[in-house]
Structure formats: structure tokens, C-alpha cells
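For reference, the chains in residue letters:
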Amino acid sequence: MTDAGTTLSGGRNGAGSGSRPAAGPRHRLRGGHFLQLAQGGGGRDAVAALRSAQRSRRLVLLRALVESADRRVPWHASLPAAQEAWELLAAAESADREAVESVLLHPSVGGWLARTLRELRAEGEPGPAPSVLRDAARVHALAAAAALRARVPFRTAVPLTERGVLLPALGYVTLPGRPADPVAEVFRDHRGSGVRCSSGTVPLPADLTRDAPGWWALRRLGSPGAEPAGAPLLDDLDPWRHFLRRLPVGRLDEDEARDWRRLYAEAWPLVAEQRRIDPEGLADCLLAITPLPDRSPAEVFSGSDPEAFGGLLLTRPARPVDLAVALVHEAQHSKLSALMDLVTLVRGGREETHYAPWRADPRPLRGMLHGVYAFLGVAAFWFALRERPGLTDAERATADFEGALRRGQVAEGLGTLWARAELTEAGERFLRAVEGSLAAVLKETVPTAAARAAEEARDDHRMVFRLSQLRCDDAQAEAWADAVAEGAPAPAAFPGATLRAGPLTPDVRTRLVRIRVGDRERFDRLRADPGSVGASPADYAWAAGDRGAAQHGYRRLIAENPADPAAWAGLALSLPEGRARGLLLHRPELVAAVHRLLLRRGRPLPPQTLAALIAEAAGSGGTPA
């Protein structure tokens, strides 16, 4: 277990002014905790060690922000020095350490700290912009929130957020009228607490978890019997709740909040009942969910950020099982990010040059490690879900397909890590543990149809990536075009391919397979209106198993646009076993490049004929590079 963690020092009246977090033993993981986490799990004790380290990290960043801010002229004359916020936090911690920790570990606090500190410390003249100094002034709101949670007496000025006061991890005060001053006062005394500004005073309720006049509390999601574990906040208020951009304060109406509560109450048992990942440890990595507008009717978007431990960005899923998967996926990311703050697993590995079986764009090896770890958890979830009594045939078929797909992706990504990553000793131990957990998942049997569908989904993804993100050497592609069109000798090897960072192509066919497997009636309805999810009639034909119609459709799409990656990959998937299919599966970018060259020469060949000819030439003279 780690030590108790860094503590605040420095009193409200200035004792210890300017002090830094007290030095203590370095955070260390017990060997057993490291192994639990490396295997994809991690109970409450192991996660508590990660949380303790995250708390200390936040305090170190906060101290650095206080010192950086106090070297500048305050953004507003009414605001005290940032050091006073530090001292208020210290007083609150002395009264209630857990209360302060709950505020410090709120995900948006981590994002705010990291980004604001980077901007405060950015080199150059004339120094930080006024907006950055306003962002730094949020430290006073942070201290006020912690003091309110710890129930200590205090009085401090805080900046307004829009026309109110945002208290991180607690809620938002809607101020009366139109305040003339961009600063308000938050206080607590023997009579109660409130927020005072030029246009009036808003008293705060004794129970800050409930709405009151002028007070929007952060609402909590939960499932019966899940308190306090498995009950993250629904954060629709904090402008820093999105890790990529600032968002406005955006209160969900009660109907939307009710829908989220219902979904969560039905999703959490699916997580809590599974046996492969400790649900209590996982719950302690789920601190807040930020709801996002829907992006697509066919998929759920979820995201997380290493700086915002325990935070999830999420579009509202249509089904509880989709939410359950997102919870597992993002909790795994949070665990690994926190672990990598303590232990170096990979040296370097930041170049975005590697194929990841779950992403349309090239990824760094660190991203590959994250994907392997997260999708190992997802694969384990799907296979555990199959043991739940009362599943329908469609639900079981979905679990078979998703489990087979994710474990295959993990195996491929793990192979890339072993081959390409510069691992530390701890990194090697970590991957060996991951490999052991994957071996158990690979032993799970799935029906032949599900295994075949998962294999084709991986083939499809790999081909689309190669077609959209790789470029053949021009001279070598010309040589292959000569070999096919002129009967010239085949080159000695297939051409090399380099990254070209082309446009990303959506994974449409795999989405359609998911819909067909899980809801055949919906699939049929969508097929009647193909453009509704961005799929072509050929895509629907392929997903329905009509490979002849799919071939015809993809040939037409290639004729219309010879550079269409999805059409080339779809054609390959629609072909019968043989040389043409085999070459397209492994070197689709070469076939597409030669096809375009022959078109320009006025000597086009049907795509599958061309693929067969290149494969034949390679078999007689050329060899794969």
C-alpha cells in the first residue's frame, strides 16, 4: 500500500505561509497490487493506492499553480492571493481530510490544474493572458468548495463563472439579477453558508447534494445497494468537465437526468455481477460522468483523460449494456493512467506511427498499451456476461461477437507491443500478466459464426486503415503496374508503405454487424433507409450475408471513386477464398494504387482480376516485403 499521501500545511492565519506539501515517503505499490492491476483487475485496496497517489499529484500541481499565480498581478483587485486559498484548504483538511480529497479528486479539477498550470508557465512575453489568470483564480472556488464540504467557518472571494459561482465537485450558484462585479464572496459561519454578490445573497442548503432556490447540486447516479461505490456524479455544470475544450454551464432537465439515472441503475448490476474484474475497485475509478450530445445513432462515444482520473465523457447509450461496457472501458483507462504515474512501463513510445486494431488513425505505443488494457477488460466483461441467466438469443449472440472481436484486437495489439515497445522491467512484468489474462479469455469458446464475424471485422478494419493511412512507394507501384500491364518481370518484393495520414474512414460494416446480431428488426428497418447510418446498399448486402450483391455494389462504388477505402475493403470481404481475396486482405493499398495507375494509362482491369494477377506475379517472381 502507499503511504498516507502528501498533506497540506499552512494555517488560515498564515502559519507556515509559503509552505509546500509536506515531504513524505514516496508512493509505492505492493507487489500484489501491481499484479492485480496488471492482470486487468485491482480491488479497492489497489485502487486506493492509486487514488492516494493521484491526490498527492494534485497537491503538487496545486502548490505549483499557487506559486505561479502569486508571482503575477491578481486578475481582479478583490481577489486575495492564491496562498490564502492554499491555507483555507489546509484548514479544511485539518477538519475533514476525506472532504477535501473528494473535491481535489473531482475529475474536472485535474483537467483544470494541468492545463492552467501549463499556460501559466508558458514561456514568452508578455506573459499569461488575462483569461489564464482568470482560470487560475478558480483556486479560490476550489478552496471554498473544500471548506464547505469540511464544514469549517471561512469567508473568501471567488470569481464568477458566467453569471453564477461554480463550486467544483459540489454545484453551481445562480446569482440574482445581473451582478455588477465579476467576483462574489462565499462564506460559512454559525448561521449557515451562502454566496454574496453585488446583486444579492443566495443562502446555501445544509445538504449540498440537493437542489435549493439558487442552488444546482451535482446529481449522483447510482444503483440500489451501490452506495457509495458505483455512484458517480453526473457533471453537467463544470466548464472544465470536458478534457478537450471548455463547455458552458449546461444543466440537464429533470427528464434527461431521470433517463441517465434509469440507464445507470440498469447498467451497474451488469458490471457488479461480473467476476473477472473487481467491481468495487472499478467503482472507485468512476467519479463523474459528463453527458455529451449524441454523435451517431449507431454507436456510443466515450472518452477519458489521464489528467482527469475517474472522469468519463459519454453520449447517452441506447441500452444499459452499452453503458456498462463504457464504464468498464474508461475505468480501465483511469487505472492504467494512474499506474503509469507511479511506474514507468514503456520508454518513449509517443510517436503516432502504429496500427491499432480499434482505431482508424495511427497510434503511439503508449496509446496501444492503453487500448490493450482497456479492451482486455471489455472482452472479459462480454464473456462474463454470457454467464448471466435469462439472456435472450440476441443478447448471447452479441456477447459472443463482441468478446471474440475484442480479444482478437487485444492479441494483435499485444503482439505489436512485444515487438516494438521499449519496455522497462516493470513493463515486461505488466505485459506478461496481461498475456496471462488474455490466455484465459482466448480459451472461451464461441460459435463459429461469431468467430468468423469477428475475424472479418478485424480484417475489414486493417484493410481500411492500410488503404486510408498508408501510401505505396510510387516507383515500386509503377513497376508492379508494368508487370501486370506489360508482362514485365515482377519486382522482387512488394513495395514498402509509409504513413500518409489520410482522412479517417468510419467503421460502418462492423456497426451494421452489431445491429444485425443484436436487433434484426432494426437492421431491416435501417436497410430500407441505408443513408441513415452512413452505410451503402452494398454494406447492408454484405452484413446480411448476400456476398454476390455486395460484390456488385462494391465494384460500382470503386468505379465511381477508385480511392474509396471502404469500397475496396468491402470488395475483398465479399470475394470467395482465393488469391485475389488473400492479396487484398494483406496488401490492399498496392492493388488500389496499381488500379489507379492503370486507369490513368487507359488500361483498366476489374479490381478482383487485378488482385489475382498481382498475386500470381508475386507467386512467380515477387515475394512479400
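Since the structure is predicted, the reported quantities are computational estimates derived from the model, not experimental observations. By convention here, each chain's residues receive numbers from 1 onward along its written sequence. In keeping with the predicted nature of the model, local features appear solely for residues at pLDDT of at least 70, side-chain atom pairs appear and are counted solely at 80 or more, and the whole-chain, interface and lining totals rest on all residues. Hydrogen atoms and water are omitted, and side-chain values are computed over all heavy atoms in the structure.

> Mind laying out the overall build of the chain, listing which residues take part and the relevant values?
On a plain count of helices and strands, the chain comes out with 23 helices and 16 strands. All radius of gyration figures rest on C-alpha atoms, and the globule criterion is 2.2 Å times the number of residues raised to 0.38. Taken over C-alpha atoms, the radius of gyration comes to 28 Å for the chain, in line with the 25 Å a tight globule of 625 residues would show. In terms of overall dimensions, the chain has C-alpha extents of about 90 × 60 × 50 Å along its principal axes. Every one of the 625 residues in the chain was classed for burial, and the buried ones make up 58%. Surface accessibility in these figures is a Shrake-Rupley result with a 1.4 Å probe; residues are shielded only by whichever protein chains are displayed. Element-wise, carbon and sulfur atoms account for 51% of the exposed surface of the chain, whose accessible area totals about 26,300 Å². In this charge count, Lys and Arg are treated as positive and Asp and Glu as negative; neither His nor the chain ends contribute. Where a charge lies is defined by one atom per residue type: Lys uses NZ, Arg uses CZ, Asp uses CG and Glu uses CD. Within the chain, the 76 negative side-chain charges are centred at a point lying 1 Å from the centre of the 81 positive side-chain charges. Numbered from the N terminus, helices here are DSSP runs of H or I no shorter than four residues, and strands are runs of E no shorter than two. Three labels apply to residues, based on accessible area from a 1.4 Å probe with only protein chains included: buried if under 20% of the type maximum, exposed if over 50%, partly exposed otherwise in between.

> A description of the side chain of His76 should follow, citing residues and the corresponding values.
Note that His76 resides in the loop between α2 (44-69) and α3 (82-95). For this analysis, a polar contact is any N or O atom pair within 3.5 Å, provided that within protein one partner can donate a hydrogen and the other can accept it, and provided that sequence-adjacent residues contribute only side-chain to side-chain pairs. At 3.2 Å, the side chain of His76 forms a polar contact with the side chain of Asp181. Other than its neighbours up to four places away in sequence, His76 contacts Asp181, Pro182 and Val183. Only heavy atoms enter the contact rule, under which two residues are in contact if any of them lie within 4.5 Å.

> Break down the environment of Trp358 for me, citing the residues and quoting the values.
Of note, Trp358 is situated in the loop between β13 (346-347) and α11 (365-385). Expressed as a C-alpha distance, the spacing of Trp358 and Gly413, which sit 55 residues apart in the sequence, is 9.1 Å. Not counting the four nearest positions on each side in its chain, Trp358 is found in contact with Gly367, Met368, Gly371, Val372, Phe375, Arg406, Gln409, Gly413 and His461.

> Talk me through the sheet that holds strand β8 (residues 219-220); I want residue IDs and the actual numbers.
In this analysis, strands are considered paired if DSSP registers two or more bridges between them. An order of β8-β9-β10-β12-β11 is seen for the five strands of this open sheet, with the pairing classed as mixed. Across the chains shown, the open sheet's two edge strands, defined by having one partner strand only, are β8 and β11 (302-303). Here β11 pairs with strand β12 (residues 311-315) via two bridges, running antiparallel. Residue pairing for β12: Ser302 is matched across the bridge by Leu314.

> If you had to explain empty space enclosed by the protein to someone new, which residues and values would you point to?
Buriedness for pockets is judged along seven lines, at least five of which must meet protein on both sides within 12 Å for an open set on the 1 Å grid over protein atoms alone, while cavities are sets there where a 1.4 Å probe fits but cannot get out, and lining residues have an atom within 4 Å of a point. Grid points are joined across faces, edges and corners, and a volume is the space filled by probe spheres set on the points. Scanning all chains against the criterion turns up one cavity of 30 Å³ or more. Estimated volume of the largest cavity: approximately 120 Å³. Of all the secondary-structure elements, those providing two or more residues to the lining of the largest cavity are α5 (107-120), β10 (288-292) and β12. The residue classification treats Ala, Val, Leu, Ile, Met, Phe, Trp, Tyr, Cys and Pro as nonpolar and Asp, Glu, Lys and Arg as charged. All others, Gly included, are polar. Looking at the lining of the largest cavity, its residues break down into seven nonpolar, seven polar and three charged.

> I'd love a proper account of the pairing of strand β2 (residues 164-167), names of residues and values included.
Residue alternation in β2 divides its side chains into two sets, Gly164 and Leu166 and Val165 and Leu167, and both sets are buried. Here four bridges tie β2 to strand β3 (residues 171-174), and the two strands are oriented antiparallel to one another. Note on β3: the bridge partner recorded for Gly164 is Thr174. The antiparallel pairing of β2 with β3 creates a hairpin that spans three residues between the two strands, and Ala169 there sits at a positive phi of about 75°.

Note that all results are geometric; they support no functional claim without further evidence.
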